[in-house]
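In case you want the letters, here they are:
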Amino acid sequence: MTEPPAPYVTAVTPPSPSADGSTRAPALPPAFQPGRLHEVAVPGTPVAVLEPVIGAERYARLVSTAARFRDGLGQRTIWNVSSTAVGGGVAEMLQVLVGYIGGVDIAVRWTVIGGDPDFFAITKRLHNQIHGQASGGPLSSADARHYGQVLDANADELLRQVRPGDIVLLHDPQTAGLAAPLAGAGARVVWRCHIGVGWENDATRAAWDFLRPYLAAVHGFVFTRRQYVPSWIPAEQAWIIPPSIDPLSAKNQQLDAATVQAILATIGVLDSQPPRAPGRFTRRDETVGEVTRAGLVTGEVWPGPADPVVVQVSRWDRLKDMSGVMRGFAEHVVPGGAGYLMLVGPMMSEVADDPEGALVLAECLAQWRSLPAAARARVLLVTLPLDDVEENAAMVNAIQRHAQVVVQKSLAEGFGLTVAEGMWKGRPVVGSAVGGIVDQVVDGTGILLRDPADLAAFGSAVRQLLDSPDDARLMGEAGKEYIRENYVGDRHLERWAQLIDAIMGLGQPRSRRGPNGTSRGSSRRLQRQSIRPRAGAPGGRPLITCPLLSPRSGSLWPRSAGRSRAGARTPACTAPPRPRRRGRCHQCALPGRPPLDQARRVR
Ligand code: UDP
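Residues numbered from 1 in each chain as written. Predicted model: local features only at pLDDT ≥ 70, side-chain atom pairs only at ≥ 80, totals over all residues. Heavy atoms only, no water.

A.B. asks: Any chance you could explain the packing of helix H3 (residues 117-130) against helix H4 (residues 141-158) here in plain terms?
C.D. replies: The angle between the axes and the distance between the axes are what describe a pair of packed helices. The geometry of H3 relative to H4 is characterised by a closest axis approach of 10 Å and an angle of 115° between their N-to-C directions. Our classification of the angle between H3 and H4 gives roughly perpendicular. Crossing hand, H3 versus H4: left-handed. Together, Asp118, Phe119, Ile122, Thr123, Arg125 and Leu126 of H3 and Asp143, His146, Tyr147, Val150 and Leu151 of H4 make up the contact between the two elements. In terms of residue class, the contact of H3 with H4 is built from six nonpolar, two polar and three charged. (Axes fitted to C-alpha atoms, helices over the stretch in contact; angles between N-to-C directions. Helix = DSSP H or I, 4+ residues; strand = E, 2+ residues; numbered from the N terminus. Parallel < 35°, antiparallel > 145°, perpendicular 65-115°, else oblique. Left-handed = near helix turned anticlockwise from the far one by under 90°. Contact = heavy atoms within 4.5 Å. Nonpolar A, V, L, I, M, F, W, Y, C, P; charged D, E, K, R; others polar.)

Here you go:
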């Protein structure tokens, strides 16, 4: 242990307690205006770079899938719509996916919606509720009005660019309200929910009650785990696609020991001399990047380069439980021996869609100040600049590589990309047995905590790995192979290709349909994949529901494909009459849900 290097830096001044003893959030900058979409430019990444990682066989399959998919897509564009371009797993995943899809010459775009702080406060509550947290109770009709208005403004802009037939992948609750206008304009809409829990309570029900009407028009739903699919979504419309990591990205690419040390010294988390040259990494466009910015680091004593370090990288979100990690480390790891803890997250002014983040960070800083001196000297709070996403990623990469143990002690978790990232770097993981962490930390790759709130168990798991470096190394090696096999981008791309294939098959002229209403191409593909089309309605008729049909009634509206539907309408549709269009509800003119016999579930 050494004395702190000068200058001593503190990220933000902890908020002063208000009269009633609570803390106040710092004011949020008005980062985006409602309805101001902005496009994220991601350079195409040639998939050939993956071959050395995934091997010749997987690579050949990826190339042939891409070629077939590109042909099928024709002139259509694939759109991704999310709520932030930086910070968090969705942004991380889209950087990778959009890069590789662009790299095989498929038209793909990524656009980020705008919203005001009230909008993001509403969507944060939805986020928490989907994870089962009450988060202020059900949203009001005023909240619904505001949510709808912000998304209508975004939809107006988006509809100037999206063409009929385009595929639109909407990400998370922030974008759900775009589904109906996009589907109404003829796009194929998929809603990808990155979060969830495998059970229901009042909070989850409240969130789904709010979102369900907005989602009535989507053609397919994607969840990370089967357990996350809410019971009201027909199994046939739900696809299971876990995320992936990109081994070549700035976040995960190999960095040698000298580069790691240089980056850590630049961030300011080590007691070491300033680096003679900045740490370098390879950017997505193959140019060389340099880490030149410092982080904002709160600490009292800085670890030396050889001191063991435990790391959790997360957004400043209560469900990531940075605070519990700090307490567990202080109470159950510090007394048992050496080791430092680094809690690492983004600088808060830069994550527009996370209004709670600044408050959670401020609470962590206050908690750090109140730690006993011995523990305070072993904990660093680190916030990393996001001005340059790839530089930020290289910083996270170096910190994860430097860690002796990576932890992710979330109270709830959609997938937990930080787990896969740590494992890819050969680090053993201590993770809560929640959500997607369970799928990643399999036997021999780390330690799962049955009860994330059990701080003694957390401390003992961390201590065990700090004290047994040989076991930790073996776990790290096993973890890396597990990630290579299951969570590298080619797996992810193939699952998306299957889904979009099926979604595109919808609404084709009858003459191009194969048996059971599937398109001929998709029917042949399904046969090759040995996935048998399910039967449709009794008598083989496809079923279609009006997208505006009350989700509560849940009833289906059967019709014969191709039959004259003069006068047909769905009972709950209240939209004003529109000119009739083939395949659409006669009242609201929105396209129907996919006939049940065409939707497939990925296994
Ligand atoms: N992340 C980052 N910089 C930070 C904090 C987080 O790049 O300061 C990244 C992290 O490396 C991971 C993602 O954000 O790729 C978080 O994804 P995860 O699935 O773990 O959680 P989410 O934020 O989506 O809930």
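A.B. asks: Is there a simple way to think about the pairing of strand S14 (residues 405-408) in this case?
C.D. replies: Put simply, side chains in a regular strand alternate between the two faces of the sheet. Burial along S14 is two-sided: Val405 and Val407 and Val406 and Gln408, pointing in opposite directions, are all buried. Examined bridge by bridge, S14 and strand S15 (residues 429-432) share three bridges and lie parallel to one another. Looking at S15, one finds that glutamine 408 is bridged to glycine 431. Each parallel crossover has a hand, and the one from S14 via helix H12 (residues 417-424) to S15 is right-handed. (Buried < 20%, exposed > 50% of the residue type's maximum accessible area, 1.4 Å probe, protein only. Pairing = 2+ DSSP bridges. Right-handed = clockwise from strand over helix to strand, strands pointing away.)

A.B. asks: Even after reading the chapter, I still don't get the packing of aromatic side chains, so can you show me in this structure?
C.D. replies: Any pair of aromatic rings gets described here by the distance separating the centres and the angle formed by the planes. Taken as a whole and assessed by the stated rule, the structure comprises 13 aromatic pairs. Arranged with centres 5.3 Å apart and planes meeting at 75°, the rings of tyrosine 147 and phenylalanine 210 form a pair that is edge-to-face. One end of the pair, tyrosine 147, is in helix H4; the other, phenylalanine 210, is in helix H6 (residues 202-211), and 63 residues separate them in sequence. For tyrosine 147, a relative accessible area of 0% translates into the label buried. Centre to centre, the rings of tryptophan 208 and phenylalanine 223 are 6.4 Å apart; their planes meet at 70°, and the pair counts as edge-to-face. Taken as a pair, tryptophan 208 in helix H6 and phenylalanine 223 in strand S6 (residues 220-223) lie far apart in primary sequence, 15 residues in all. We note that tryptophan 208, like phenylalanine 223, is buried. An aromatic cluster is built from Phe119, Phe120, Tyr147, Phe210 and Tyr214, whose rings are joined through pairwise contacts. Directly above the ring of tryptophan 424 sits lysine 480, whose terminal nitrogen or CZ lies 4.7 Å from the centroid. (Phe/Tyr/Trp six-rings, centres within 6.5 Å; stacked < 30°, edge-to-face > 60°. Lys NZ or Arg CZ within 6 Å of the ring centre and 35° of its normal.)

A.B. asks: So what exactly am I meant to see when it comes to the pattern of salt bridges here?
C.D. replies: When the charged atoms of two side chains lie near each other, side chains of opposite charge can form a pair. For the structure shown, the criterion picks out 28 salt bridges. In this structure, the salt-bridge partner of arginine 68 is aspartate 501, at a minimum N-O distance of 2.8 Å. Taken together, the residues arginine 68 in helix H1 (residues 51-73) and aspartate 501 in helix H16 (residues 489-504) connect sequence positions 433 residues apart. For aspartate 501, a relative accessible area of 8% gives the class buried. A salt bridge links glutamate 481 to arginine 484, with the nearest nitrogen and oxygen atoms 2.9 Å apart. Taken as a pair, glutamate 481 and arginine 484 lie in helix H15 (residues 469-486) at a separation of three residues, close to a single helical turn. (Salt bridge = Lys/Arg side-chain N within 4 Å of Asp/Glu carboxyl O.)

A.B. asks: How should I be thinking about the side chain of aspartate 490 in this particular structure?
C.D. replies: Secondary-structure assignment places aspartate 490 in helix H16. Excluding residues that lie within four positions of it along the chain, aspartate 490 makes contacts with Leu50, Ile54, Arg58 and Leu62.

A.B. asks: Please clarify how H12 should be interpreted in this entry.
C.D. replies: Each full turn of the α-helix corresponds to 3.6 residues, which orients residues three or four apart in the same direction. The buried fraction of H12 is high, at eight of eight residues. Those residues of H12 that fall on the buried side of the exposure criterion are Leu417, Thr418, Val419, Ala420, Glu421, Gly422, Met423 and Trp424. Residue glycine 426 follows H12 closely and has a positive phi angle near 75°.

A.B. asks: Would you mind going over the sheet that holds strand S13 (residues 379-384) with me for this structure?
C.D. replies: Consider a sheet: its strands pair through backbone hydrogen bonds, and that pairing is either parallel or antiparallel. Pairing is mixed across the open sheet formed by seven strands, whose spatial order is S10-S13-S12-S11-S14-S15-S16. The strands lining the two open edges of the sheet, one partner per strand, are strand S10 (296-298) and strand S16 (446-449). For this sheet the average axis-to-axis angle between neighbouring strands, irrespective of direction, equals 20°. Strand direction decides the pairing type here: strand S11 (residues 309-313) and S14, joined by two bridges, are parallel.

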